[in-house]
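Listed below, chain by chain, are the residues.
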Amino acid sequence: MNEQTGVDDQKSPFRWAVLSILFLNIFIAFLGVQCIPPLFKEIGAEIPLTKAQIGLIMGILTLPSIIFSPVAGAITDRIGARWTFGMAVIITALAGTLRGFTDSPNELVACMFLIGMGTAAMPPNISKSLSMWFPKNEFAMANGVALLAMTLAAALAMAIAAGILSPFLGGWRNVMIVSGIATAITGFIWMVLFRDKKVQDASKAKKAGFKENFKKVFKIKAIWLTALFYLCRFISTSSIFALLPIILTERGISAGKAGAFVALIMASNALFKLAGGAASDKLGRRKPFLIVGTIVQSLCIFAFATFSGVPLIIALIVSGAAMGSIAPIFMASIVETEGIGPELAGTTIGLVFMIGNFGGFIGPIITGKIIDLSGSQWPGFIFMALCYFVAAFFIFPLKDTGRKKSNETVAEA
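These lines cover the structure that appears in this document, whether it is placed above or below. Just so it is clear, the structure is predicted and the values come from calculations on it, not from any experiment.

A count of helices and strands for the protein chain gives 17 helices and 0 strands. Whereas a compact globule of 413 residues would reach a radius of gyration of roughly 22 Å, the protein chain reaches 21 Å, a difference of no more than 12%. Expressed as a percentage of the 413 residues in the protein chain, the buried residues total 56%. Within the protein chain, contacts between residues at least 6 apart in sequence are counted, and of these 84% link residues at least 24 apart.

Attention now goes to the environment of Ile253. Looking at where Ile253 falls in the secondary structure, it is placed in the loop between α12 (221–250) and α13 (255–283). Sequence-wise, Ile253 and Gly309 are 56 residues apart; in three dimensions their C-alpha atoms are separated by 9.7 Å. Aside from chain neighbours lying at most four places away, what touches Ile253 is Leu248, Ala258, Phe261 and Leu312.

Following both chains from N to C, one finds helix α8 (residues 136–169) and helix α9 (residues 172–193) inclined at 90°, their axes separated by 8 Å at the closest point. Accordingly, the angle class assigned to the pair α8 and α9 is roughly perpendicular. From α8, Leu165, Ser166 and Leu169 reach across to α9, where they touch Trp172, Asn174, Val175 and Val178.

This paragraph deals with the nonpolar core. Within the largest apolar cluster, 91 residues are counted, with the highest numbers of intra-cluster contacts made by Leu22, Ile26, Ile43, Phe85, Leu130 and Phe330. When near neighbours in sequence (up to four residues on either side) are disregarded, Phe85 contacts Leu22, Asn25, Ile26, Met122, Asn125, Ile126 and Trp190. With 24 residues, the next largest nonpolar core counts Ile240, Leu244, Phe261 and Ala315 among its residues.

On to a nonpolar patch on the surface, then. A surface patch of nonpolar side chains, amounting to about 500 Å² of accessible area, comprises Leu24, Ile181, Ile185, Ile189, Val192 and Leu193. For Leu193, the position within the fold is in helix α9.

Turning our attention to the state of the cysteines. Evaluated as defined, the whole model comprises 0 disulfides. Just so you know, Cys35 is unpaired, no disulfide at all, and the nearest cysteine sulfur is the one on Cys111, 13 Å from it. Judged by relative accessible area, Cys35 falls into the buried class, the value being 1%.

As a further point, take the side chain of Asn269. If you trace the backbone, Asn269 turns up in helix α13. One polar contact links Asn269 to Lys273, side chain to side chain, over a distance of 2.4 Å. In this structure Asn269 touches Thr151, Gly320, Ala321, Met323 and Gly324, once residues within four positions along its chain are discounted.

Right, let's get into the packing of helix α7 (residues 122–133) against helix α16 (residues 345–374). In contact at an axis separation of 8 Å, α7 and α16 are set at 140° when each is read in the N-to-C sense. By the angle class used here, α7 and α16 are oblique. At the point where α7 passes α16, the crossing takes the right-handed sense. Within the contact between the two elements, α7 uses Pro123, Pro124, Ser127 and Lys128 and α16 uses Ala345, Gly346, Ile349, Gly350 and Phe353.

Turning our attention to the pattern of salt bridges. On inspection of all chains with the given rule, the structure shows 8 salt bridges. Among the ionic pairs, Lys128 bridges to Asp77, the shortest N-O distance being 2.8 Å. Residue Lys128 is located in helix α7, and its partner Asp77 is located in helix α4 (residues 65–79); the two are separated by 51 residues in the primary sequence. Residue Lys128 is classed as buried on the basis of its relative accessible area of 5%.

A separate point is the packing of aromatic side chains. Tallying each qualifying case throughout the model produces 12 aromatic pairs. Judged by centre distance (5.3 Å) and plane angle (40°), the rings of Tyr230 and Phe330 are tilted. Of this pair, Tyr230 sits in helix α12 while Phe330 is found in helix α15 (residues 309–336), placing the two residues 100 residues apart along the sequence. One aromatic cluster is present, built from ring pairs that chain together Phe229, Tyr230, Phe234, Phe330 and Phe353.

Conventions adopted
- Residues numbered from 1 in each chain as written.
- Predicted model: local features only at pLDDT ≥ 70, side-chain atom pairs only at ≥ 80, totals over all residues.
- Heavy atoms only, no water.
- Helix = DSSP H or I, 4+ residues; strand = E, 2+ residues; numbered from the N terminus.
- Rg over C-alpha atoms; globule rule 2.2 N^0.38 Å.
- Buried < 20%, exposed > 50% of the residue type's maximum accessible area, 1.4 Å probe, protein only.
- Contact = heavy atoms within 4.5 Å.
- Axes fitted to C-alpha atoms, helices over the stretch in contact; angles between N-to-C directions.
- Parallel < 35°, antiparallel > 145°, perpendicular 65-115°, else oblique.
- Core = buried A, V, L, I, M, F, W, Y, C linked by side-chain atoms within 4.5 Å.
- Patch = residues over 30% accessible without salt bridge, like charges linked within 9 Å, V, L, I, M, F, W, Y side chains within 5 Å.
- Areas by Shrake-Rupley, 256 points an atom, 1.4 Å probe, with all protein chains shown as cover.
- Salt bridge = Lys/Arg side-chain N within 4 Å of Asp/Glu carboxyl O.
- Disulfide = S-S within 2.5 Å.
- Polar contact = N/O pair within 3.5 Å; in protein donor to acceptor, adjacent residues only side chain to side chain.
- Left-handed = near helix turned anticlockwise from the far one by under 90°.
- Phe/Tyr/Trp six-rings, centres within 6.5 Å; stacked < 30°, edge-to-face > 60°.

Scope: geometric values only; no functional claims are made or implied.
In structure tokens:
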């Protein structure tokens, strides 16, 4: 029995079916979620929208995670990923479909909030379901493949929603309806085919109440350090995606080129979600990837502020590579933390995402305010770089959770 992931050493071929169905669900769900930004011009012809309203429609997606990520995580530890993840996908599908019947900005906001409830419940279930079936030497890779679905879906949605899907399906409303139906179908496929595998100590977590499971997680110092790591990183990451395009345009780069530059981060991110996770599994280490990757991102911030042309492109690609490598390794390390495992994976990831996603909400606000008050871009860049740099230090006290565990200081419970 694998101590951290809770799976048998004997590898089941069903694990690849689990990963495939999970990838399909995430991809279709996020394709539907992210198809709306390119359609705002078409939507605005029927439902007049201000820029502030558009910002609210998209920004409201992350707000429910502050509450629903830990709630969903606790539920999945009690009843399993089969039903919790499946219902999260169905909620996302229903709310996504309802967007096609809206007639006001407030109705769109309400639908996107409901979608946010569904998507907030997904991360705790992703790693939990994978931890049941994948051994430790494949776990980060499996997380990378699953998370890659989000990135690919967002990129494809941006590329085809307005130019292909809307003309083919007969308008933006039909795009919302069809994407919602497709998401619901994949959710039902998940609930029919997926099975929660019995793992060591999982029954204890199911029998224990929500309060008892939260108490166990709250006592583990390593989880709080991990959550602070995610918080500091997401403050900077969300600020980059929100503000870098306009900052680049203010430096004389055209709006189209600035958007393409920032898209390079996502492209590199997608590639290294696979490479980073696979490398970590191969080497049997997690901690060095998290520390080095975060410090690299910190240094890249200064390159964003200074360089242009090819050096800027290189910095954007390197930053995306570090970002992509960290994501699956970070998710794997949470489950592998001593005292967590698959039995408490949902509760723990939900708690970490609740804290970290708050950073995503406040990051662009704080960074933007710093730039506004100072009248210069540099203080904002320094703040983002400092957040990344500080984040790395929250990992130093932690024990490496990879196969080749080191004898470093453990953050005791």
